[in-house]
Amino acid sequence: MKKVLVRLSLALSIAIMFSSCASALTGSMTNSAALSSNNFTYLKRDIQGKSQATYVLGIGGMKREAIVKEAKANMLQNFALKDNQTLANVIVDFKYSTFLGIVATTKCYVTADIVEFN
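Definitions and cut-offs
- Residues numbered from 1 in each chain as written.
- Predicted model: local features only at pLDDT ≥ 70, side-chain atom pairs only at ≥ 80, totals over all residues.
- Heavy atoms only, no water.
- Helix = DSSP H or I, 4+ residues; strand = E, 2+ residues; numbered from the N terminus.
- Buried < 20%, exposed > 50% of the residue type's maximum accessible area, 1.4 Å probe, protein only.
- Contact = heavy atoms within 4.5 Å.
- Areas by Shrake-Rupley, 256 points an atom, 1.4 Å probe, with all protein chains shown as cover.
- Polar contact = N/O pair within 3.5 Å; in protein donor to acceptor, adjacent residues only side chain to side chain.
- Pairing = 2+ DSSP bridges.
- Axes fitted to C-alpha atoms, helices over the stretch in contact; angles between N-to-C directions.

(A) Fine view of the overall build of the protein chain. If you tally the helices and strands in the protein chain, you get two helices and three strands. In sequence order, the secondary structure elements of the protein chain are arranged as α-β-α-β-β. The buried share among the 118 residues of the protein chain stands at 25%. Residue pairs in contact within the protein chain that sit at least 24 positions apart in sequence constitute 74% of those at least 6 positions apart. Approximately 8,400 Å² of the protein chain is accessible, and the part contributed by carbon and sulfur atoms is 58%.

Here is the structure:
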């Protein structure tokens, strides 16, 4: 009986070590720039902002809207918009990683182009 309990606890410990938690965060931003006519020029392409949230046992970090907003603010802090400029082709990506199913990290990347209207 003792051998069975030892094996069972060992198997359970290994299963817990290799399991991981996953969260499904999705985000989006609407693109207000209408690029249907040829009245603009691209100033910068593929500018990027990043934000990160860490969760321990599912507690902590930020909500989906907050992590996307922080990534966008980070992007605009590095690339300030001027008059007649706007963001176009905005993409929101998430990367998830876990460590032993205890600590989870969510990284949000916002990528866009800066266009200037004539």
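The discussion continues.
(B) Region of the structure containing unusual backbone geometry. One non-glycine residue, Asp-46, lies in positive phi territory at about 55 degrees. In this fold, Asp-46 is placed in strand S1 (residues 40-56). Asp-46 gets classed as exposed once you look at its relative accessible area, which sits at 58%. Although it is not a glycine, Asn-84 sits at a positive phi angle of roughly 65 degrees. With respect to the helices and strands, Asn-84 occurs in the loop between helix H2 (64-78) and strand S2 (85-99).

(C) Structural context of the side chain of Ser-51. Within the secondary structure layout, Ser-51 lies in strand S1. Among the polar contacts made by the side chain of Ser-51, one reaches the side chain of Glu-70 at a distance of 2.8 Å. Non-local contacts of Ser-51, meaning those with residues more than four positions away in its chain, are made with Met-62, Ile-67, Glu-70, Ala-71, Thr-106, Lys-107 and Cys-108.

(D) Up close: the environment of Asp-113. Assignment of secondary structure puts Asp-113 in strand S3 (residues 103-117). With relative accessibility at 7%, the residue Asp-113 sits in the buried group. Measuring from C-alpha to C-alpha, the distance between Asp-113 and Val-90 comes to 7.1 Å, with 23 residues separating the pair along the chain. Setting aside residues up to four positions removed in sequence, Asp-113 forms contacts with Tyr-42, Lys-44, Arg-45, Asp-46, Thr-86, Leu-87, Ala-88 and Asn-89.

(E) Fine view of the sheet that holds S3. One open sheet accounts for three strands, arranged S1-S3-S2; its pairing is antiparallel. Looking along the sheet, the strands with just one partner apiece sit at the ends: S1 and S2. On average, each strand axis in the sheet is inclined to that of its neighbour by 15 degrees, with strand direction left out of account. As paired strands, S2 and S3 are joined by 13 bridges and run antiparallel to one another. Within S3, the position partnered with Tyr-96 by the bridge is Thr-106. Sheet contacts for H2: S1, S2 and S3; angle to S1, the most-contacted strand, approximately 135 degrees.

(F) Main features of the environment of Arg-45. Secondary-structure assignment places Arg-45 in strand S1. Relative accessible area serves as the criterion here: at 57%, Arg-45 is assigned to the exposed category. As a C-alpha pair, Arg-45 and Asn-89 span 44 residues in sequence and 9.4 Å in three-dimensional space.

(G) Summary view of the pairing of S3. Bridge analysis of S1 against S3 gives 14 bridges, and the strand direction is antiparallel. Residue Ile-47 lies in a different strand from S3, and its bridge partner there is Ala-112. Hairpin connection of S2 to S3: three residues between the antiparallel strands, including Leu-100 at a positive phi of 55 degrees.

No statement about biological role is implied by the geometric values presented.
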